[in-house]
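Okay, here's what each chain looks like letter by letter:
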Amino acid sequence: MNNKKKTQNKENKNLAVQEASIIKNEIIKLENETLPVLAAGLAHEVKNPLAAIHLHLQLLENQIHLVDNKELRENLLNRIQIIKKEIISLNRLLQEFLKVIRSEKRSYKIQELNEMIPSIISLLKPQAHKVGAEIYFYPGKLPINLEIDPIFVKQILINLIINSIQAFYTEPQNQKKRKIEISTGIENDIPYIRIADNGPGIPEDIQHKIFEPFFTTKQEGSGLGLALVKKMVEEMNGSIEFISKEKEGTIFTIYFYPKSIKDITNEAQRHKNEIE
Ligand SMILES: Nc1ncnc2c1ncn2[C@@H]1O[C@H](COP(=O)(O)OP(=O)(O)OP(=O)(O)O)[C@@H](O)[C@H]1O
Ligand SMILES: [Mg+2]
């Protein structure tokens, strides 16, 4: 190949790489900026008419006593209740959806995980007591440089603990003491949080579906809880696993793969250089 051809080839290659990089940036921008804004906008557009429908239903409910025929009145009231319930669940779905969309950009902090768990437990204790369950915390040793998003960690724990509490509702109270145990520690150099309950467990035939958005076995559930949890865990460079056995309970473990101290120091230095 002569030199001129070689240079031409190299230039073409460079151009192709540049174009690919532009396209990649456009896709990232579309995924990170455009789509969430569009989706959030759409969700808002749906929310407003939903609120109006709810209001009009309430007005209708207030006037229903004007219907003389008792049977018809009760029938209409019943239908109003059904529509209202559906509106409420749709609204909840929208709220959850907006939460997922808004969770795009987070701020990560080096935070002592063990310190933030007791307040989350206190928040959920009353709900646990309602089903006769107790929440215990066993703090273990954790690295001091664990980089997490405290808001994510709080949302993750709340979702998992509430799932455990709700699971107890589905089985009759027996002799067994209902327990939700939260523990932290390091396993094979990887820090973790574990949430274990001795509830009814997750039936084997649905275990592969539980992280799917909208998969739920609950009448009032949106099925977004665990999908959201997984997304948040992965955004923090973590992973989530579970083991569940029917009639014995369920254990969720979240592993955090922290950046090494070296990485954090390098990042801080790079950030400093950028500013300078
Ligand atoms: N600790 C648990 N014990 C038993 N089943 C569980 C447990 N955690 C989750 N599940 C099962 O996984 C399903 C999906 O959970 P997920 O949190 O995603 O949705 P949900 O709790 O049904 O609804 P939402 O969280 O949106 O209110 C649940 O409906 C339930 O069947
Ligand atoms: Mg849930």
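Residues numbered from 1 in each chain as written. Chains lettered and ligands numbered in written order. Predicted model: local features only at pLDDT ≥ 70, side-chain atom pairs only at ≥ 80, totals over all residues.

Caption draft 1: Quick look at the overall build of the protein chain. Counting its regular elements, the protein chain contains 6 helices and 7 strands. Scored against the burial criterion, the 276 residues of the protein chain give a buried share of 17%. Taking the contacts inside the protein chain whose residues are at least 6 apart along the sequence as the reference set, 71% of them involve residues at least 24 apart. (Helix = DSSP H or I, 4+ residues; strand = E, 2+ residues; numbered from the N terminus. Buried ≥ 20, exposed ≤ 12 C-beta atoms within 10 Å, placed from the backbone. Contact = placed C-beta atoms within 7 Å.)

Caption draft 2: Seen up close, the sheet that holds strand 6 (residues 238-245). Here 5 strands make up an open sheet; going across it, the order is 2-4-5-7-6 and the pairing mixed. What marks the edges here is a single partner per strand, and that holds for strand 2 (133-138) and strand 6. Strand-to-strand, the axes of this sheet are offset by a mean angle of 15°, without reference to chain direction. As defined by bridge partners, strand 2 adjoins strand 4 (residues 178-187) across 6 bridges and the pair is classed as parallel. Within strand 4, the position partnered with tyrosine 136 by the bridge is glutamate 181. Relative to strand 2, helix 3 (residues 113-130) is tilted by about 175°, and along the sheet it contacts strand 2, strand 4 and strand 5 (190-197). (Pairing = 2+ DSSP bridges. Axes fitted to C-alpha atoms, helices over the stretch in contact; angles between N-to-C directions.)

Caption draft 3: Just the packing of helix 3 against helix 4 (residues 150-169), in detail. At a minimum axis separation of 10 Å, helix 3 and helix 4 run at an interaxial angle of 35°. The handedness of the crossing between helix 3 and helix 4 is right-handed. Side by side, helix 3 and helix 4 meet where Leu113, Met116, Ile120, Leu124, Gln127 and Ala128 of the first sit next to Pro150, Val153, Lys154, Leu157, Ile158, Ile161, Ile162 and Ile165 of the second. Looking at the contact of helix 3 with helix 4 residue by residue, the class counts come to 12 nonpolar, 1 polar and 1 charged. (Left-handed = near helix turned anticlockwise from the far one by under 90°. Nonpolar A, V, L, I, M, F, W, Y, C, P; charged D, E, K, R; others polar.)

Caption draft 4: Local environment of the site of ligand 1. Around ligand 1 there are 21 residues in total, and Ala167, Thr216, Gly221, Gly225 and Leu226 lie nearest to it. The set of elements that each furnish at least two residues to the shell around ligand 1 consists of helix 4 and helix 5 (225-235). The leading source of residues in the shell around ligand 1 is helix 4, at 4 residues. In terms of residue class, the shell around ligand 1 is built from 8 nonpolar, 11 polar and 2 charged. (Near = placed C-beta within 6 Å.)

Caption draft 5: Broad picture of the environment of lysine 125. Among the secondary structure elements, lysine 125 is positioned in helix 3. Taking the C-alpha atoms as reference points, lysine 125 and isoleucine 165, 40 residues apart in sequence, are found 9.8 Å from one another.

Caption draft 6: Quick peek at the confidence of the model for the protein chain. Overall, the predicted model of the protein chain reaches an average pLDDT of 84, with 86% of residues at or above 70. Across the protein chain, the element-wise mean pLDDT spans from 48 in helix 6 (residues 261-275) up to 97 in strand 2. Counting contacts from residues 260-266, a segment whose pLDDT is below 50, to residues more than four positions away or on other chains yields 4 contacts. (pLDDT = per-residue confidence, 0-100.)

Caption draft 7: Quick look at helix 3. For helix 3, built from 18 residues, the straight-helix expectation of 26 Å at 1.5 Å per residue is met to within 8% by its first-to-last C-alpha distance of 27 Å. Along helix 3, the helix axis deviates most sharply at leucine 124, where the bend reaches about 45°; the proline proline 126 sits within four residues downstream. If you check which residues of helix 3 are buried, you get Leu113, Ile117 and Ala128. Buried-residue contacts for helix 3 involve strand 2, strand 3 (147-148), helix 4, strand 4 and strand 5. A positive phi of about 75° marks glycine 132, the residue just after helix 3. (Expected span 1.5 Å × (residues − 1). Bend = angle between axes of the 7 residues up to and from the residue.)

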